[in-house]
Amino acid sequence: MAHRDPTGIIAPHIPADAYRRAEATGQPVVIVVHTTDHDGRPLRHYLFPIVIAGAGVVGVFGLVAAFVALLDFAVHTAIAIGSVAGPVSVGGITLKLARPKH
């Protein structure tokens, strides 16, 4: 686990020889802090929601295509049954699926 210093501490450690030399001679100790502040937000903050939305759109398109294919199959099945069987009865209800061929 990384060491975390409380906020407000600029340099957690000054080497002992540099501190003693500065104390003996009266010279100031210069501490250089390198920061890498970025302007704006990183690109991944924008790409993640776009990728999730794109995956959702592709999934919905696939679901709609599967539903349309299922309806197409059901219609072709009903047409085939209607043209071959004539009247169909289920539970006492008779349906005429096609007209007579007179």
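In every chain, residue numbers begin from 1 and rise along the written sequence. The model is predicted, so local features are restricted to residues of pLDDT at least 70 and side-chain atom pairs to those at 80 or more, both for listing and for counting; the totals for chains, interfaces and linings are taken over all residues. Note: side-chain values were computed over all heavy atoms of the structure, leaving out hydrogens and water.

Numbering of helices and strands runs from the N terminus, with a helix taken as a DSSP run of H or I at least four residues long and a strand as a DSSP run of E at least two residues long. Looking only at helices and strands, the protein chain has two helices and two strands in total. For the protein chain, the α and β elements follow one another from N to C terminus as α-α-β-β. Only protein chains enter the accessibility calculation, which uses a 1.4 Å probe; a residue is then buried when its area is under 20% of its type maximum, exposed when over 50%, and partly exposed in between. Of all 102 residues assigned to the protein chain, the portion counted as buried reaches 2%. For the accessible areas, the method is Shrake-Rupley and the probe is 1.4 Å, while residue cover comes only from the protein chains on display. Accessible surface, the protein chain as shown: approximately 9,700 Å² in total, 67% of it carbon and sulfur.

Right, let's talk about a nonpolar patch on the surface for a bit. Put simply, a patch holds well-exposed residues, over 30% relative accessible area, that have no salt bridge, with like charges counted together within 9 Å and Val, Leu, Ile, Met, Phe, Trp or Tyr side chains within 5 Å. We count a salt bridge whenever a side-chain nitrogen from Lys or Arg sits within 4 Å of a carboxyl oxygen from Asp or Glu. On the surface, Leu43, Tyr46, Leu47, Ile50 and Val51 cluster together to form a nonpolar patch covering roughly 530 Å² of accessible area. Summarising the element assignment, Val51 is placed in helix H2 (residues 44-85). Assessed through its relative accessible area of 56%, Val51 is described here as exposed.

Every residue gets a pLDDT, meaning the predictor's confidence in that residue, from 0 to 100. Chain-level statistics for the protein chain give a pLDDT mean of 79 and a share of 69% at 70 or above. When pLDDT is averaged over each element of the protein chain, H2 comes out on top at 90 and strand E1 (residues 87-90) at the bottom at 66.

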